[in-house]
Amino acid sequence: MTILRIFIFLVLFTVAIGNENLNSHVFPRPLIIEYPENNEPQYYKDDEVQLKCTSWRFAVEANNLSPWKTVPEECAHYVRQYIVGPGYNMDIDRVSDEAVAFANSVNLGADAKDVWVFDVDETLLSNLPYYADHGYGLEIFDSMEFDKWVETGMAPALGSSLKLYQEVLSLGFKVFLLTGRSERHRNVTVENLMNAGFHDWDKLILRGSDDHGKTATTYKSERRNEMVEEGFRIVGNSGDQWSDLLGSSMSNRSFKLPNPIYYIP
Ligand SMILES: *[C@@H]1O[C@H](CO)[C@@H](O)[C@H](O)[C@H]1NC(C)=O
Ligand SMILES: *[C@@H]1O[C@H](CO)[C@@H](O)[C@H](O)[C@H]1NC(C)=O
C-alpha cells in the first residue's frame, strides 16, 4: 500500500515537473494580480468639466455635433489649454505623420495627374494669433475683424503641415490649395503663404463672386469636381473642417486636422 502511494506520488510529481518545464515560457507573469488598495477612481468637479469638454471635443472632431457656433462657455479654459498646451500640436503631428506615410505608399502615375489638396486656414496657415485675442472660439465669428487679420498677411505656418507639404511636392504630387478665403484676398494670401515657407503650388483656388452664399461643402465639392473633369486624381486631402473633405469628388484619403475653435458648414 505504502509503496503504491509513493509510486503514485512520484508519477504525479514527474508529470507536474514535466508540465512546468514544458510551459515555463508562459510563466513570468504573476499568478495573482494584486490591485493597490483604495483603487476606486476619485472624481472631482474639475475632472468632471475636463471629461465633459473632452467629450464635447470628441463629438466636434467626429462631426457628430454639426453645426455649432461657439465653444461652450464651460469649455473655454479647456480649449485654451488644449490649444496652447502640447495637445493640439501632438494631434497635428499625428495627422501629418499618417499623411506622410500614406503619401509615400502611393504609386504615382507617370502622367503627373495625382493631386494632394490642402485647405489653407488652420491647415497650412495658423490664425491662432487672431483667436488668442478672441477667446479661442468663445466669441461668435466676426468676419470683418477676421478679414482685417487676414489682410495683415502675418499668419504663421503649421510646422508639421509644412513638412507634409514639402514631402508631397518632392514625391511628385500636384499641390492644389483650395480655400474658403475670398478672391479679394488673393495677393495677401500668396504673400503670406510664401513668407510662411509654402512655395511651388500648382493652383490656388479662392472663392469667386459666384461662390458667395454657398456652403464650403458645396463650393469645395464643385471645385474638386472640376479637377476630376480635368483628369486629375485626388489622392489626398488635408483640412481642419469636415467641409474641406466631404461632398463629391472626395480624395482617396482625407486627413482631418483638429479644430475645436470654429465650425464651417
Ligand atoms: C495683385 O497683384 C498683382 C500683381 O502681382 C496686381 O496686378 C493686382 O492689382 C493685385 N490685386 C489686388 C487686388 O491688389
Ligand atoms: C483611389 O481610389 C480609386 C477608386 O476607388 C482607385 O481606383 C485607386 O487605385 C485609388 N488610388 C490610391 C492611390 O489609393
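Note on numbering: residues in each chain are counted from 1, in written sequence order. To label them, take the chains in the order written and letter them from A, then take the ligands in the order written and number them from 1. In keeping with the model being predicted, local features are shown solely for residues with a pLDDT of at least 70 and side-chain atom pairs are shown and tallied solely at 80 or more, while totals for entire chains, interfaces and linings include all residues. In computing side-chain properties, one takes all heavy atoms of the structure into account and sets aside hydrogens as well as water.

- The name recorded for the protein in an unreviewed UniProt entry is Acid phosphatase 1, from Capsicum annuum.
- UniProt positions are given in the numbering used here, feature names are shortened, and annotations may be inferred rather than shown by experiment. For the record of the protein, the UniProt heading Sequence similarities (unreviewed entry) holds the text "Belongs to the APS1/VSP family."

## Details of the overall build of the protein
Then, in step 1: Numbered from the N terminus, helices here are DSSP runs of H or I no shorter than four residues, and strands are runs of E no shorter than two. Counting its regular elements, the protein contains 10 helices and five strands.
Then, in step 2: Of the roughly 15,600 Å² of accessible surface on the protein, a fraction of 57% belongs to carbon and sulfur atoms. Shrake-Rupley sampling with a 1.4 Å probe provides the accessible areas, and residues are treated as covered by the protein chains on show and by no other component.

## Description of the layout of surface pockets
Then, in step 1: The calculated volume of the largest pocket comes to roughly 880 Å³.
Then, in step 2: Along the walls of the largest pocket sit 37 residues, with Phe-141, Ser-143, Phe-146, Tyr-262 and Ile-264 positioned nearest its centre.
Then, in step 3: If you list the elements that add at least two residues to the lining of the largest pocket, you get helix H5 (128-132), helix H6 (143-152), strand E2 (174-182), helix H9 (216-229) and helix H10 (242-245).
Then, in step 4: Definitions used throughout: a 1 Å grid over protein atoms alone; a cavity as a set of points that fits a 1.4 Å probe which cannot get out; a pocket as an open set with protein on both sides within 12 Å along at least five of seven lines; a lining residue as one with an atom within 4 Å of a point. Taken together, Arg-57, Glu-61, Tyr-82, Asp-91, Arg-94, Val-95, Trp-242, Lys-256, Leu-257 and Pro-258 form the lining of the second largest pocket.
Then, in step 5: Broken down by secondary-structure element, the contributors of at least two residues to the lining of the second largest pocket are helix H2 (45-61) and helix H4 (86-105).
Then, in step 6: Top element by residues in the lining of the second largest pocket is H4. It accounts for three residues.
Then, in step 7: Note that Gly is not counted as nonpolar here; it falls among the polar residues with everything else outside the nonpolar set of Ala, Val, Leu, Ile, Met, Phe, Trp, Tyr, Cys and Pro and the charged set of Asp, Glu, Lys and Arg. Among the residues forming the lining of the second largest pocket, the class breakdown is five nonpolar, no polar and five charged. Grid points are joined across faces, edges and corners, and a volume is the space filled by probe spheres set on the points.

## What to know about the packing of aromatic side chains
Then, in step 1: Any two of the Phe, Tyr and Trp rings considered here, Trp counted by its six-membered ring, make a pair once their centres fall within 6.5 Å; the pair's planes then place it as stacked at under 30 degrees, edge-to-face at over 60, or tilted in between. Applying the stated criterion to the full structure yields 16 aromatic pairs.
Then, in step 2: Summarising the aromatic geometry, the rings of Tyr-130 and Phe-146 are spaced 5.1 Å apart at their centres and angled 80 degrees between planes, so their arrangement reads as edge-to-face. With Tyr-130 in helix H5 and Phe-146 in helix H6, this residue pair connects regions lying 16 residues apart in the sequence. In terms of burial, Tyr-130 and Phe-146 fall into one category: buried.
Then, in step 3: Between Phe-176 and Phe-232, the aromatic rings sit 5.0 Å apart at their centres with planes inclined by 85 degrees, giving edge-to-face as the arrangement. You can see Phe-176 sitting in strand E2 and its partner Phe-232 sitting in the loop between H9 and strand E4 (233-239), a full 56 residues away along the chain.
Then, in step 4: Relative accessible area serves as the criterion here: at 1%, Phe-176 is assigned to the buried category. We call a residue buried when its accessible area falls under 20% of the maximum for its residue type, exposed when it is over 50%, and partly exposed in between, using a 1.4 Å probe and counting protein chains only.

## Looking at the side chain of Asp-119
Then, in step 1: Residue position: Asp-119 is located in the loop between strand E1 (114-118) and H5.
Then, in step 2: The class for Asp-119 is buried, based on a relative accessible area of 5%.
Then, in step 3: Side chain to side chain, Asp-119 and Lys-220 meet in a polar contact 3.1 Å long.
Then, in step 4: Dropping the residues within four chain positions of it, Asp-119 is found in contact with Leu-124, Leu-178, Thr-179, Lys-220, Ser-238, Gly-239, Asp-240 and Asp-244. We call two N or O atoms a polar contact when they sit within 3.5 Å, provided that within protein one can donate a hydrogen and the other can accept it, with sequence-adjacent residues counted only if both atoms are side-chain atoms. By definition, residues are in contact when any of their heavy atoms lie within 4.5 Å.

## Notes on the pairing of E4
Then, in step 1: Of all seven residues making up E4, six are buried, and the element is well covered by its neighbours.
Then, in step 2: Looking at chain direction, E4 and strand E5 (residues 253-256) are connected through four bridges and run parallel. Looking across to E5, one finds that Ser-238 is bridged to Phe-255. At least two bridges found by DSSP between two strands are what make those strands a pair.

## Things to note about the nonpolar core
Then, in step 1: Only buried residues count toward a nonpolar core, which is a set of Ala, Val, Leu, Ile, Met, Phe, Trp, Tyr and Cys residues joined through side-chain atoms within 4.5 Å. Ranked by size, the top nonpolar core spans 51 residues in total, and within it Trp-116, Phe-118, Leu-177 and Phe-198 carry the most contacts.
Then, in step 2: With seven residues, the single largest contributor to this core is H4.
Then, in step 3: With residues up to four places along the chain from it excluded, the contact list for Leu-177 reads Phe-118, Val-120, Leu-124, Tyr-165, Leu-193, Trp-201, Lys-203, Leu-204 and Ile-205.
Then, in step 4: Counting nine residues, the second-largest nonpolar core is a separate cluster that includes Val-117, Leu-178, Ile-205 and Met-227.

## So, the sheet that holds E2
Then, in step 1: Spatial strand order, E3-E2-E1-E4-E5: five strands in an open sheet with parallel pairing. Of all the strands in the sheet, the pair left with one neighbour each is strand E3 (203-207) and E5. Shown here is a sheet whose adjacent strand axes are inclined to one another by a mean of 20 degrees, direction ignored.
Then, in step 2: One ladder, built from five bridges, connects E1 with E4; its direction is parallel. By the bridge assignment for E4, Trp-116 is matched with Gly-236.
Then, in step 3: Axis lines are fitted through C-alpha atoms, for helices just across the contact stretch, and the angle between N-to-C directions can take any value from 0 to 180 degrees. Where helix H8 (residues 186-195) meets the sheet, it contacts E2 and E3, and its direction lies at approximately 140 degrees from that of E3.

## Observations concerning the pairing of E1
Then, in step 1: The buried count for E1 comes to five of five residues, which makes it a mostly enclosed element.
Then, in step 2: Side chains of E1 alternate between two faces, with Asp-114, Trp-116 and Phe-118 and Val-115 and Val-117 buried alike.
Then, in step 3: When E1 meets E2, the two strands line up parallel, connected through four bridges. In the sheet register, Val-115 faces E2, and the bridge partner there is Lys-174.

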